[in-house]
Each structure stands twice: as structure tokens, then as C-alpha cells.
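Structural description and commentary
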Amino acid sequence: FQYLLLLRALRPAAVPEGMAKVVQEHFGADIMRIPPVRIAAIHEDSLCTAPLLFILGRGCDPTPDIEHFARERNTQDLSGNGNGSNAHGNGSNGNGSKGQEDLLTVVQASQTSIETIDSMVAAASEEGCWVLIRNIHVSEEWQEKVSSLLLGMSRTPPHDDFRLWITSFPSGLSKHVCRHSMR
């Protein structure tokens, strides 16, 4: 505890790391481990009408896990070993073959226009594909658009296989988006 007081007096920015060190020493290293996210279990419990919201922390990004799960899911669907039939249409790659990008489209909120994401989500909701919007916290305009998409999904339900995945840091996140999403 004295270590933290000294740290706060001399280097206030280092207090969170110091607290983590004290907790690890006092309670053991296992207390600081975050259990792995099981995307398959999350997907299984999800609904097509409620986005899946991942609240990010330092060094925590579920994007690779979601992409890996999409690849596995596509492989199962193509080989006929999946647990259901997914109609993914011709997909977004334009050549008629079904690759990972047919099931999952990843969009960076700060680098894509709202009109583009609107058309992507509309197409994916009809075809039963997935859209991952990363870092929605960077733009209030994006959050308003997602809120309107949520209202549209409640009026006209999307394809049963459609999923909207969202990542955000907690700061700046709209309460409406948070309330109407699975976290």
C-alpha cells in the first residue's frame, strides 16, 4: 500500500499499473487473467435483432477471434458439416465463391462512410451475413446510425443468420447502443 502512495505522489500516471502489480503480488497472477472469450458460445446465445457489443480494454480486441470463428463457420457451411443451413448469397466479393469475406465484413468506424456501412448492413441483413463495426466510440454520428439500424431491425426482422458485431471502448459509448445490444 505504501508503494502505491509513493507512486501516486511521484508518478500519478503509473498508478493503474502499480495497482495491478500489488494485486498480483497479494492475490496471485491468476486474479489478473481475463478468461478467453468464446465467440462460438456468444454467437449461439445471440439473436439476429440484437447487436453483439464488445467493450474493449487495453490490449483486448476480439476481432481476430471473430474472424477465426467466421472462417470456421464458412468451412463448415461449405463442407456441409455445419449445424444448419446458411444462405449467404453470392457474397460481397463479386465472383460468386464463398470465402470468409462473404460471411463477415469488418468495418473500421473511423475509415468508412456511413452510407457505405448502411448498404453493407442492409445487404448482410437480407443475406444472413455478418458485419463487424470496430471502434464505434470514435463517432457520435456512427452511434446514431447504429441506433437507427436497431430501430429498423425491430420493425423488419433481418435474416436469422445475420449478426451485427460492434466493438467500442466504454468512454463515449451511446447509452442507447449499449442498452439494445448483447454485451
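Residues numbered from 1 in each chain as written. Predicted model: local features only at pLDDT ≥ 70, side-chain atom pairs only at ≥ 80, totals over all residues. Heavy atoms only, no water.

What follows covers the overall build of the protein. In terms of helices and strands, the protein carries eight helices and four strands. Along the chain direction, N to C, the helices and strands of the protein fall in the order α-α-α-β-α-α-β-α-β-α-β-α. Across the protein, the fraction of contacts at a sequence separation of at least 24, relative to all contacts at a separation of at least 6, is 74%. Summing over all exposed atoms, the protein offers an accessible surface of approximately 11,000 Å²; the carbon and sulfur share of this is 53%. (Helix = DSSP H or I, 4+ residues; strand = E, 2+ residues; numbered from the N terminus. Contact = heavy atoms within 4.5 Å. Areas by Shrake-Rupley, 256 points an atom, 1.4 Å probe, with all protein chains shown as cover.)

Taken N-terminus to C-terminus, the directions of helix 6 (residues 114–127) and helix 7 (residues 140–155) make an angle of 25°; their axes are 11 Å apart at the nearest point. For the element pair helix 6 / helix 7, the angle class is roughly parallel. As for the relative orientation of helix 6 and helix 7, their crossing is right-handed in sense. Touching I114, I117, D118 and V121 of helix 6 are E141, W142, K145 and L149, all from helix 7. (Axes fitted to C-alpha atoms, helices over the stretch in contact; angles between N-to-C directions. Parallel < 35°, antiparallel > 145°, perpendicular 65-115°, else oblique. Left-handed = near helix turned anticlockwise from the far one by under 90°.)

With that settled, the discussion passes to a negative patch on the surface. Residues E115, E140, E141 and E144 make up a contiguous surface patch of negative charge. Tallying contributions element by element places helix 7 first for the negative patch, with three residues. Note on placement: E144 falls in helix 7. With relative accessibility at 52%, the residue E144 sits in the exposed group. (Patch = residues over 30% accessible without salt bridge, like charges linked within 9 Å, V, L, I, M, F, W, Y side chains within 5 Å. Salt bridge = Lys/Arg side-chain N within 4 Å of Asp/Glu carboxyl O. Lys, Arg positive; Asp, Glu negative; His and termini not counted. Charge placed at Lys NZ, Arg CZ, Asp CG, Glu CD. Buried < 20%, exposed > 50% of the residue type's maximum accessible area, 1.4 Å probe, protein only.)

Secondary-structure assignment places S148 in helix 7. The spacing of S148 and V177 is 29 residues in sequence and 9.6 Å in space, taken between C-alpha atoms. A distance of 2.7 Å separates the side chain of S148 from the backbone oxygen of K145, its partner in a polar contact. (Polar contact = N/O pair within 3.5 Å; in protein donor to acceptor, adjacent residues only side chain to side chain.)

On to unusual backbone geometry, then. Positive phi is not limited to glycine here, since N135 has a value of about 60°. Summarising the element assignment, N135 is placed in the loop between strand 3 (130–134) and helix 7.

With respect to topology, four strands assemble into an open sheet ordered 1-4-3-2, the strand pairing being parallel. Either end of the sheet is taken by a strand with one partner, and the two such strands are strand 1 (52–55) and strand 2 (104–108). Sheet twist, expressed as the average angle between the axes of neighbouring strands with direction ignored, equals 15°. Contacts between helix 6 and the sheet are confined to strand 2, strand 3 and strand 4 (163–168), with strand 3 contributing the most and set at about 150° to the helix. (Pairing = 2+ DSSP bridges.)

Right, let's talk about the confidence of the model for the protein for a bit. In this model, the protein carries an average pLDDT of 78, and 79% of its residues clear a pLDDT of 70 or more. Long-range and interchain partners of residues 81–101, a stretch whose pLDDT sits below 50, account for 41 contacts in this model, where long-range means more than four residues apart. (pLDDT = per-residue confidence, 0-100.)

This paragraph deals with the layout of surface pockets. Empty space within the largest pocket amounts to approximately 160 Å³. If you trace the largest pocket, you find it lined by D118, V121, A122, S125, E126, L149, G152, M153, T156, P157, P158 and F162. Listed by contribution, the elements that provide at least two residues to the lining of the largest pocket are helix 6 and helix 7. Here the lining of the largest pocket gets five residues from one element, more than from any other, and that element is helix 6. Looking at the lining of the largest pocket residue by residue, the class counts come to seven nonpolar, three polar and two charged. (1 Å grid on protein atoms, 1.4 Å probe; cavity = no way out; pocket = protein on both sides within 12 Å on 5 of 7 lines; lining within 4 Å. Points joined across faces, edges and corners; volume = space filled by probe spheres on them. Nonpolar A, V, L, I, M, F, W, Y, C, P; charged D, E, K, R; others polar.)

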